[in-house]
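Each chain, letter by letter, is given below.
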Amino acid sequence: MEALKQRIQRDGKIRGNNEVLKVDSFLNHQMDVAFLEEIGREFRRRFAGCQVDRILTIEASGIGIACLAAPAFDHVPVVFAKKNKTKNIDGNVYLSQVESFTQGKRPYPIFVSKEFLHPGERVLLIDDFLANGSALSALIDLVHQAGAQVVGAGIVIEKAFQPGGALIRGKGVRVESLARIESMDEEDGITFCD
Ligand code: 5GP
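What comes next concerns the included structure.

The rules we used
Residues numbered from 1 in each chain as written. Predicted model: local features only at pLDDT ≥ 70, side-chain atom pairs only at ≥ 80, totals over all residues. Heavy atoms only, no water. Helix = DSSP H or I, 4+ residues; strand = E, 2+ residues; numbered from the N terminus. Buried < 20%, exposed > 50% of the residue type's maximum accessible area, 1.4 Å probe, protein only. Pairing = 2+ DSSP bridges. Arc of directions from axis to C-beta. Contact = heavy atoms within 4.5 Å. Axes fitted to C-alpha atoms, helices over the stretch in contact; angles between N-to-C directions. Parallel < 35°, antiparallel > 145°, perpendicular 65-115°, else oblique. Left-handed = near helix turned anticlockwise from the far one by under 90°. Nonpolar A, V, L, I, M, F, W, Y, C, P; charged D, E, K, R; others polar. Phe/Tyr/Trp six-rings, centres within 6.5 Å; stacked < 30°, edge-to-face > 60°. Lys NZ or Arg CZ within 6 Å of the ring centre and 35° of its normal.

1. Looking at unusual backbone geometry
Then, in step 1: Residue Ala-60 is bonded to the preceding Glu-59 through a cis peptide linkage, with omega at 0 degrees.
Then, in step 2: For Asn-17, which is not a glycine, the phi torsion comes out positive at approximately 60 degrees.
Then, in step 3: Among the secondary structure elements, Asn-17 is positioned in the loop between strand S1 (13-15) and strand S2 (20-22).

Spelled out as structure tokens, the structure:
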């Protein structure tokens, strides 16, 4: 998505040993709603003709993106996997583990109530970044536990120099990333895959 690549070039800040991209001005802190609506329509174009019953994302940064994409998918319900609130977890949830990229290496639990994912449903996963693939792997696991089907994953920014894309595509899941970063470097800047 050309407009996204331009926005990343203009506003993206490279941090953390050239591994972390900050896009706080439009995606992760301040949210450019009109632009995110356009991103939602692009996800619909990429998954044209696919039946989607529900969108599943993960708190917190996926929520706004998923909610602004939902109108392009006939306003299907958006469900977000919750993190870490062990006190509230009872037997009525699907539970998985994520190895956090931004919060260090310790795995943390995520869960979705069984009320909001059902057998046979076709679920589209949406998230802001794909890096090592841990968050998406856990979401896929939740969908499978529910006996539902993964339609695919819509990702805003894939850091293609990290292993997540290959990991998730290797599971047979269709991944549509709107911008794929081949490399990024504080001195040389950002290069996209295509
Ligand atoms: P993964 O599980 O694929 O390693 O990481 C995905 C999650 O980590 C995303 O949900 C995202 O919130 C966060 N993340 C990974 N890499 C980046 C990055 O470069 N910048 C930001 N802002 N978040 C990232």
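2. Some remarks on the pairing of strand S7 (residues 122-130)
Then, in step 1: Burial within S7 is extensive, with eight of its nine residues counted as buried.
Then, in step 2: Here strand S3 (residues 54-58) pairs with S7 via three bridges, running parallel. What sits directly across from Leu-56, in S7, is Leu-125.
Then, in step 3: Pairing between S7 and strand S8 (residues 149-159): eight bridges, direction parallel. Bridge assignment links Arg-122 to a residue of S8, and that residue is Gln-149.

3. Looking at helix H4 (residues 61-69)
Then, in step 1: Residues Gly-62, Ile-65, Ala-66 and Ala-69 constitute the buried set of H4. For H4, the angular spread of buried residues about the axis comes to 100 degrees, placing them on one side.
Then, in step 2: Buried residues along H4 sit in contact with helix H2 (24-28), helix H3 (33-46), S3, strand S4 (78-83), S7 and S8.

4. Looking at the packing of H3 against H4
Then, in step 1: At a minimum axis distance of 8 Å, the contact between H3 and H4 shows a crossing angle of 65 degrees. Judged by the inter-axis angle, H3 sits roughly perpendicular to H4. When the axes of H3 and H4 are compared, the crossing they make is right-handed. Here Val-33, Leu-36, Glu-37, Gly-40 and Phe-43 of H3 come into contact with H4, specifically with Ile-65, Leu-68 and Ala-69.
Then, in step 2: Counted by class, the contact of H3 with H4 contains six nonpolar, one polar and one charged residues.

5. Points about the packing of aromatic side chains
Then, in step 1: Within the structure shown, the criterion is met by one aromatic pair.
Then, in step 2: Their ring planes at 70 degrees and their centres at 5.8 Å tell us that Phe-26 and Phe-35 sit as a pair that is edge-to-face. You'll find Phe-26 and Phe-35 in the same group, each marked buried.
Then, in step 3: Taking NZ or CZ as reference, Arg-7 lies 5.2 Å from the ring centre of Phe-35, over its face.

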